[in-house]
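Chain residues, written in single-letter form:
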Amino acid sequence: MPISGVPYFESQEATFLPAKTLYDKIWDAHVVSTEPDGTCLIYIDRHLVHEVTSAQAFEGLRLNDRPVRRPELTLAVVDHNIPTTDRSKGIDDPESKLQMDTLASNTKEFGVEYYDELDQRQGIVHIIGPEQGFTLPGTTVVCGDSHTATHGAFGALAHGIGTSEVEHVLASQTLLQNKSKNMLVKVNGKLPAGITAKDLTLAIIAHTGTAGGTGHVIEYSGEAIRDLSMEGRMTLCNMAIEGGARAGLVAPDEKTFAYLKGRPKAPKGAHWDAAVEYWKTLQSDEGAHFDKVVEIDASSIAPIVTWGTSPEDAIAITDSVPDPMSFDDEHKQSSASRALEYMGLTAGTPMAEIPIDKVFIGSCTNGRIEDLREVARVVEGKKIAANVDAMVVPGSGLVKSQAEQEGIADILKEAGFDWREPGCSMCLGMNPDRLEPGERCASTSNRNFEGRQGHGGRTHLMSPAMAAAAAIAGHLTDVRDVTKGAPA
Amino acid sequence: MKALKDLTGVAAPMPMINVDTDMIIPKQYLKTIGRSGLGKGLFHSMRYNDDGTDNPDFVLNKEAYKDAKILIAGDNFGCGSSREHAAWAIEDFGIRCVIAPSFSDIFYNNAFKNGMLLIRLPQEQIDELTTQAEFGSNAVFSIDLEAQTVTAPDGGEHAFEIDDFRKHCLLNGLDEIALTLDKESSISSYESTTSKTHRWLTPATS
Ligand code: SF4
């Protein structure tokens, strides 16, 4: 049956073959049933659960006397609320503790696997999915968290859902969905030396705007994307939601397979071989139709920082704070004026002259081993500036122990960074790690919304290398100046 | 889900773009394990001063809009986090309908699951409705979901689009999980097929 929105071309033999995008392929493989208006019931292969958005969903199951349909397809972890200091002594905040205890008892009652605060596999939900090999190409992945887009790096159709939908998935292993449109972001050429996936993802959002991807699933392709490591692809897809898209996708390739092979929950033996054979078919067909196409020249990208309170407020570190009147429509002008006031910035100030108080390295965007290696490379043998408080929060217990084994933790501690236990931490400040009113932070997380990292706190988003350079300089700075002369 | 057929009430104007869910309900309200009572935290940092008193300049603190049932908002409303608390807070405050040029996808779904109606209209129409909403307590709008129209205080009718299935669920207040579980045989047959064709799909146990 033809699928609406997919172009068909006629071959010599008069058979009809659809040219499908990667998104079309994954979607079509998961349709359980279709309503007359096109709304589909989609099968969900992987469900990740955390403490903040699940309590009301489990409560709903209980009230209606419904079991979890396939508990083995759900994996739960505590991450948002958890303190990043020693957890073996218990949790002080009674509300956080209640939420964590509720997840522990719900997962036990419904038979779902759970990594608690003392489990070494514990970490940010979007870091542990790939790390455990739970996230796989060609699967549908959901979680009650918008950054579920991260898993799209593996060629999985992954998106965030609300709590009512969490309950729907727990009860039925399906989700009611309308198919999104297809959008292609093609990044041609190579990223210049020292430019990372974070710079790229911020540059894309600055180009498309935070609503540019609304109603679409973005596939990222092109030479610069193929060149990214799996960690880099996760950083890229993580912020697809910041560009308005519910999901981002990168077609799986040998790098994807190499990353997954041997991970605890990844397929083994003959199942692995069959899986790889199938995964290799997960590419957009030649001639497949995209509703929207954006092309970007990788070589033009510089290190990026944000100046405002929306991720689209992103510019090169070599630029200055923009004048609100330079925007073309009045809604953007008033939003930029409000942002500058909140951020305590004056138009025309060079970005590289903005002093900072704190540095936060971590989150599901940049809390992986590759990110920490990057930070260590920038700060090795140096000390952080006297006016700066800097913390590093590894994305998971496994990332933490690997960084300790590789000597990264020692380099960071030596430079003056606070080395913490894994969790979401100051990405959203639900735990005790947060900014005070007026404090300015160089942050590797994904959202610079008003109050995101603490009431009145001011966030500048950037790559781990740029945040590390800012920690050393005491102000925002071009990492290429800090690492001058050092091998890249 | 609570049914919604029509709605008549004051609309509050909030012409800001990119209102994110952190702004709608900040993190300190996310520690609850319930769904109710979040209306007090709605738009917290704009609505309250640092000492906890009401900010008199914020639209929902103005006498005319304290009982607003409708919000006329800016582009990309509800962007950011997936927290359904944002929809719970708006609904708990008493607002059942938000009208804006566009919404984030996740917020859009969340709102409908909670018996709210979100209406997308082009920016020019939103600008017009915003101007009319600025007339305060006389700015009574009425919405007819069956007919898919918004009637503004000046009598002008604005037609809107909505998916049939969503409309049907909202008009009848249907429980979507129950509807889905009625499709048990389709779900089971999907599962039995994929368990043969894609055996690798079951997570390995170590
Ligand atoms: S690290 Fe930040 S963005 Fe990621 S899941 Fe945690 S709170 Fe959300």
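Structure first, text after, so check above.
A few points on the structure. (Residues numbered from 1 in each chain as written. Chains lettered and ligands numbered in written order. Predicted model: local features only at pLDDT ≥ 70, side-chain atom pairs only at ≥ 80, totals over all residues. Heavy atoms only, no water.)

## Examining the overall build of chain B
Across its full length, chain B carries eight helices and seven strands. By principal-axis analysis of the C-alpha atoms, chain B measures approximately 65 × 45 × 25 Å. Taking all 206 residues of chain B together, 59% fall into the buried category. Carbon and sulfur atoms make up 48% of the accessible area of chain B, which amounts to about 8,200 Å² in all. (Helix = DSSP H or I, 4+ residues; strand = E, 2+ residues; numbered from the N terminus. Buried < 20%, exposed > 50% of the residue type's maximum accessible area, 1.4 Å probe, protein only. Areas by Shrake-Rupley, 256 points an atom, 1.4 Å probe, with all protein chains shown as cover.)

## Re the environment of Arg 440 of chain A
All names here are of chain A. Along the chain, Arg 440 turns up in strand β20 (residues 440–443). With relative accessibility at 7%, the residue Arg 440 sits in the buried group. With 20 residues separating them along the chain, Arg 440 and His 460 place their C-alpha atoms 7.6 Å apart. Not counting residues within four places of it along the chain, the set of residues in contact with Arg 440 comprises Met 343, Gly 344, Leu 345, Ile 354, Pro 355, Ile 356, Asp 357, Lys 358, Arg 458 and His 460. (Contact = heavy atoms within 4.5 Å.)

## A word on the packing of helix α2 (residues 55–63) of chain A against helix α5 (residues 163–172) of chain A
Residues and elements named next belong to chain A. In contact at an axis separation of 8 Å, α2 and α5 are set at 50 degrees when each is read in the N-to-C sense. Taken as axis vectors, α2 and α5 run oblique relative to one another. The handedness of the crossing between α2 and α5 comes out as right-handed. Of the residues in α5, those in contact with Gln 56, Ala 57, Phe 58, Gly 60 and Leu 61 of α2 are Thr 163, Val 166, Glu 167, Leu 170 and Ala 171. Here the contact of α2 with α5 is composed, by residue class, of six nonpolar, three polar and one charged. (Axes fitted to C-alpha atoms, helices over the stretch in contact; angles between N-to-C directions. Parallel < 35°, antiparallel > 145°, perpendicular 65-115°, else oblique. Left-handed = near helix turned anticlockwise from the far one by under 90°. Nonpolar A, V, L, I, M, F, W, Y, C, P; charged D, E, K, R; others polar.)

## Here's the deal with the sheet that holds strand β5 (residues 46–49) of chain A
Adjacent strands of a sheet form backbone hydrogen bonds with each other and so pair up, either parallel or antiparallel. All names here are of chain A. Read across the sheet, five strands follow the order β7-β6-β5-β8-β9 without closing on themselves; strand pairing throughout is parallel. Of all strands in the sheet, those bounded by a partner on one side alone are β7 (113–115) and β9 (157–160). Recorded for the sheet is a direction-independent mean angle of 20 degrees between the axes of neighbouring strands. Pairing between β5 and strand β8 (residues 140–143): three bridges, direction parallel. Considered in β8, the bridge of Leu 48 is made with Cys 143. (Pairing = 2+ DSSP bridges.)

## Details of helix α8 (residues 230–238) of chain A
Along an α-helix, residues three or four apart share an orientation, since each turn contains 3.6 residues. With respect to burial, α8 of chain A is a largely interior element, nine of its nine residues being buried. For α8 of chain A, the set of buried residues is Met 230, Glu 231, Gly 232, Arg 233, Met 234, Thr 235, Leu 236, Cys 237 and Asn 238 of chain A.

## Description of the interface of chain A and chain B
Listed by partner, the interface residues are 83 residues for chain A and 59 residues for chain B. When the two sides are added together, the surface that chain A and chain B hide from each other amounts to roughly 5,800 Å², 56% of it contributed by carbon and sulfur. Among the residues chain A hides against chain B, the three largest losses belong to Gln 56, Arg 69 and His 331 of chain A. Together they make up 11% of the total. Inspection of the region where chain A meets chain B yields seven salt bridges. Residues Glu 184 of chain B and Arg 69 of chain A are paired through a salt bridge, measuring 2.7 Å at the closest nitrogen-oxygen approach. The interface formed by chain A and chain B contains 38 residue pairs in polar contact (both at pLDDT 80 or more). Mapped by element, the contributors of at least two residues to the side of chain A that touches chain B are β3 (31–34), β4 (40–43), α2, α3 (94–110), α5, β10 (174–177), α10 (269–279) and α11 (330–343) of chain A. In terms of residues, the side of chain A that touches chain B owes the most to one element, α5 of chain A, which gives seven residues. Of the residues in the side of chain A that touches chain B, the class split is 27 nonpolar, 34 polar and 22 charged. (Buried area = accessible area lost by both parts, 1.4 Å probe. Salt bridge = Lys/Arg side-chain N within 4 Å of Asp/Glu carboxyl O. Polar contact = N/O pair within 3.5 Å; in protein donor to acceptor, adjacent residues only side chain to side chain.)

## A closer look at the pairing of strand β2 (residues 70–73) of chain B
Successive side chains on a regular strand alternate, one facing one side of the sheet and the next facing the other. Residues and elements named next belong to chain B. Residues Ile 70 and Ile 72 of β2 are buried on one face, and the alternating residues Leu 71 and Ala 73, pointing to the opposite face, are buried as well. Relative to β2, strand β1 (residues 6–14) runs parallel, the two sharing four bridges. Along β2, the bridge assignment pairs Met 14 with Ala 73. Here β2 pairs with strand β3 (residues 97–100) via three bridges, running parallel. Note that in β3 the partner of Leu 71 across the bridge is Val 98.

## Some remarks on the site of the ligand
His 80, Ile 124, His 126, Asp 145, His 147, Ser 363, Cys 364, Cys 424, Cys 427, Leu 428, Asn 446 and Arg 452 of chain A make up every residue found near the ligand. Class assignment of the residues belonging to the shell around the ligand gives a composition of five nonpolar, five polar and two charged. (Near = heavy atom within 4 Å.)

## Remarks on the nonpolar core
Formed by 116 residues in total, the largest nonpolar core has its most connected members in Phe 417 of chain A together with Phe 43, Phe 77 and Ile 99 of chain B. Among the elements that make up this core, the one with the highest residue count is helix α16 (residues 464–473) of chain A (eight residues). Not counting residues within four places of it along the chain, the set of residues in contact with Phe 417 of chain A comprises Val 359, Ile 361, Val 375, Val 379, Ile 384, Ala 390, Met 391, Val 392, Leu 412 and Ala 471 of chain A. Counting residues in each nonpolar core, the second largest holds 80 residues, with Ala 251, Trp 272 and Ala 298 of chain A together with Ile 177 of chain B among its members. (Core = buried A, V, L, I, M, F, W, Y, C linked by side-chain atoms within 4.5 Å.)

## Some remarks on the environment of Lys 113 of chain B
Locating Lys 113 of chain B in the fold gives a position in helix α4 (residues 105–113). The spacing of Lys 113 of chain B and Glu 176 of chain B is 63 residues in sequence and 8.2 Å in space, taken between C-alpha atoms. Residues within four places of Lys 113 of chain B in sequence aside, it is in contact with Ser 164 and Glu 165 of chain A together with Met 1 and Glu 176 of chain B.

## Description of the sheet that holds strand β18 (residues 389–392) of chain A
Residue and element names in this part refer to chain A. Here we have five strands laid out as an open sheet, ordered β19-β18-β17-β20-β21, and parallel in their pairing. The open sheet is flanked by β19 (418–419) and β21 (458–461), the only strands paired with a single partner. Direction of pairing for strand β17 (residues 358–361) relative to β18: parallel, over a ladder of four bridges. Each residue of the ladder has a partner; that of Ile 361, found in β18, is Val 392.

## Let's talk about the side chain of Thr 196 of chain A
Looking at the element boundaries, Thr 196 of chain A is found in the loop between β11 (181–188) and α6 (197–208). Discounting residues that sit within four places of it in the chain, Thr 196 of chain A has contacts with Leu 191, Glu 374 and Ser 463 of chain A.

## Observations concerning the pattern of salt bridges
Taken as a whole, this structure holds 40 salt bridges over all chains when the rule is applied. Asp 163 of chain B is paired through a salt bridge with Arg 166 of chain B; the nearest N and O atoms lie 3.6 Å apart. Via salt bridges that share partners, Glu 113, Asp 119, Arg 121 and Lys 265 of chain A belong to a single interconnected network.

Read these as geometric descriptors, not functional statements.
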